[in-house]
Amino acid sequence: MSQTCQTETLLSTSETTQINMISNEKTRDAELGLVDDAKVIAKQPEPSPMLKYVSLVLLALQNTLLILTMRYVRTQKGDMFMSTTAVVMSEAFKVLASLGIILYQEGSFPKFVQHLVDNIIKQPMDCVKVSIPSIIYVLQNNLLYVAVSNLDAATYQVSYQLKILTTAVFSVFMLNKQISKLQWTSLVILFVGVSIVQLQPTESKQKAPPAVEQNPMLGFICVVISCCMSGFAGVYFEKILKGTKGSVWLRNVQLGGLGVVIGLITMEINDGTKVTEKGFFHGYHSIVWFVIFLQSFGGLCVAVVVKYADNILKGFATSAAIILSCIASIYFFDFTLTLQFSLGASLVMYSVYMYSKYPVGASPSTDGKVNIR
């Protein structure tokens, strides 16, 4: 869902921003493997190899750290924070960060206020359109907390790659995007790999019982629902962005602002009594704040970093995140690496690489290179 944006774009005029948005949308489609990326990437300056590999490392670390820290704070002993409040804080920080970027972009406070009035207050129907993905993202974030509370980090990382499948399916039906035969094959392999991981015996995954009671089936159901929500919301957001003039940072303000309101309603429904009795920040400590920071600012940073990472490198970043999560889970969460899990995870990593490498119009050649037709 996140669009990429170079630093110089933030300093440009609104007209240049619109042009960059269109370019970024095309680049994102290519990176997702849903269009012929050779035509798009050929028009873009080639980033240095160093930037590519820095992007790879940052993407892998962000994906790994977020899941590991979320898993840690949701399985520790003692006072547990309420995940609904963390979702609200994450949305609030996203709004503040995006507002700061818009203020910097506009150059003065009066222009900043006028920009918000013209594009938000005077565009109520625009906000109505954005409200749909905003609701979905808030619910999805709450479900992910439930999922990571009931699945070990490695299993969660592998299972959550189903979002590639859901995004591809929604893109085909809602945007009429084309998926190559090899990509469909990779999606089948992805489904098989996740199934193998989930069908392994629960008792074989951990050496010692967790500090809190867990329900792996509930966790997996939450992951599947989250993947479906992620796929639909991302494609819907892409659809409403096309033909509009709002910058990606303005959209983040709209999404986050509505997300705060929806998050507060969700919090009141699920944890209203607890919040009243114990307080909004009950159970918060430094690592909880770090998780919220990663959710809020990590995503914004990755949106910029991903500009320099091509599609295949992003596939490697996903694979690296799965491997790092497995290693960390073994040392910190008593995770047992079984042959069945290794097979399933290997299939998922291969499918992600395969999906990235063979977009529409690409085919493997005898020398191992990719032919673009």
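Residues numbered from 1 in each chain as written. Predicted model: local features only at pLDDT ≥ 70, side-chain atom pairs only at ≥ 80, totals over all residues. Heavy atoms only, no water.

A. Spotlight on the overall build of the protein. Summing up its helical and strand segments, the protein has 14 helices and two strands in all. Out of the 373 residues belonging to the protein, those deemed buried represent 53%. Considering only intrachain contacts with a sequence separation of at least 6, the fraction spanning at least 24 residues in the protein is 85%. Only carbon and sulfur atoms are counted for the fraction: they give 67% of the accessible area of the protein, which is about 17500 Å². (Helix = DSSP H or I, 4+ residues; strand = E, 2+ residues; numbered from the N terminus. Buried < 20%, exposed > 50% of the residue type's maximum accessible area, 1.4 Å probe, protein only. Contact = heavy atoms within 4.5 Å. Areas by Shrake-Rupley, 256 points an atom, 1.4 Å probe, with all protein chains shown as cover.)

B. Quick look at helix α8 (residues 162–175). Between its first and last C-alpha atoms α8 spans 19 Å; for 14 residues at 1.5 Å apiece the expected length is 20 Å, and the two agree. For α8, the complete set of buried residues consists of L162, T166, T167, A168, S171 and L175. Buried-residue contacts for α8 involve α7 (153–159), α9 (181–199), α10 (216–241) and α14 (339–357). Positive phi appears at N176, one or two residues downstream of α8, with a value of about 60°. (Expected span 1.5 Å × (residues − 1).)

C. Local environment of the side chain of N150. Structurally, N150 is set in helix α6 (residues 124–150). Taking relative accessible area as the criterion, N150 reaches 10% and is therefore assigned buried. Within the structure, N150 has its side chain in polar contact with the backbone oxygen of V146 (distance 2.7 Å). For N150, the side chain forms a polar contact with the main-chain nitrogen of N215, separated by 2.6 Å. When near neighbours in sequence (up to four residues on either side) are disregarded, N150 contacts R71, E213, Q214, N215, P216, L218 and G219. (Polar contact = N/O pair within 3.5 Å; in protein donor to acceptor, adjacent residues only side chain to side chain.)

D. Focus on the packing of aromatic side chains. All told, the structure shown has 12 aromatic pairs when counted by the stated rule. Both rings, one in F93 and one in W289, keep their centres 6.3 Å apart while their planes meet at 50°; by these two values the pair is tilted. Pair noted here: F93 is in helix α4 (residues 83–106) and W289 is in helix α12 (residues 286–305), with a separation of 196 residues, a long-range link. A relative accessible area of 23% means that F93 is categorised as partly exposed. Taking 5.6 Å as the distance between ring centres and 70° as the angle between the ring planes, the aromatic pair formed by F170 and F232 counts as edge-to-face. Within this pair, whereas F170 is found in helix α8, its partner F232 is found in helix α10, the two being separated by 62 residues in sequence. (Phe/Tyr/Trp six-rings, centres within 6.5 Å; stacked < 30°, edge-to-face > 60°.)

E. Focus on the nonpolar core. Counting 48 residues, the largest nonpolar core has Y156, V158 and F341 as the members making the most contacts within it. The biggest single contributor to this core is α14, with six residues. Setting aside chain neighbours within four positions, we find Y156 in contact with I67, L144, A147, V148, L151 and V223. I101, I102, I120 and L250 belong to the second largest nonpolar core, which has 10 residues in total. (Core = buried A, V, L, I, M, F, W, Y, C linked by side-chain atoms within 4.5 Å.)

F. Highlighting the environment of A86. Checked against the element boundaries, A86 lands in helix α4. Put simply, A86 and V291 are 205 residues apart on the chain and 8.7 Å apart in space, counted from C-alpha to C-alpha. For A86, the residues in contact, after removing those within four places along its chain, are F81, Y145, Y284 and I292.

G. Structural detail: α6. Between its first and last C-alpha atoms α6 spans 39 Å; for 27 residues at 1.5 Å apiece the expected length is 39 Å, and the two agree. At S131, α6 shows its largest kink, close to 35°, and the proline P133 lies no more than four residues downstream. (Bend = angle between axes of the 7 residues up to and from the residue.)

H. Highlighting the packing of α8 against α10. The geometry of α8 relative to α10 is characterised by a closest axis approach of 8 Å and an angle of 40° between their N-to-C directions. Read as a crossing pair, α8 and α10 show a hand that is right-handed. Across from L162, K163, T166, T167, F170, S171, M174 and L175 in α8, the residues of α10 making contact are F220, V224, C227, C228, S230, G231, F232, V235, Y236, E238 and K239. Class assignment of the residues belonging to the contact of α8 with α10 gives a composition of 11 nonpolar, five polar and three charged. (Axes fitted to C-alpha atoms, helices over the stretch in contact; angles between N-to-C directions. Left-handed = near helix turned anticlockwise from the far one by under 90°. Nonpolar A, V, L, I, M, F, W, Y, C, P; charged D, E, K, R; others polar.)

I. Representation of the pattern of salt bridges in the model. Scanning the entire structure with this criterion turns up two salt bridges. A salt bridge links K94 to E91; the nearest nitrogen and oxygen atoms lie 3.9 Å apart. With a gap of three residues between them, K94 and E91 both fall in helix α4, about one helical turn apart. Here K94 falls in the partly exposed class, since its relative accessible area comes to 24%. (Salt bridge = Lys/Arg side-chain N within 4 Å of Asp/Glu carboxyl O.)

J. Broad picture of the packing of α4 against α6. Look at α4 against α6: their axes get within 10 Å of each other, and the N-to-C directions meet at 135°. With respect to α6, the element α4 is oriented oblique. As for the relative orientation of α4 and α6, their crossing is right-handed in sense. On α6, the residues touching S83, T84, A86, V87 and E91 of α4 are V138, N141, N142 and Y145. (Parallel < 35°, antiparallel > 145°, perpendicular 65-115°, else oblique.)

K. A look at the environment of L165. For L165, the position within the fold is in helix α8. If sequence neighbours within four positions are ignored, L165 has contacts with L187 and L190.

L. A look at the environment of Q295. Topologically, Q295 is positioned in helix α12. Separated by 201 residues in the primary sequence, Q295 and K94 have C-alpha atoms spaced 8.7 Å apart. In contact with Q295, not counting residues within four places along its chain, are L66, M70, S90, K94 and Y145.

By themselves these figures say nothing about function.
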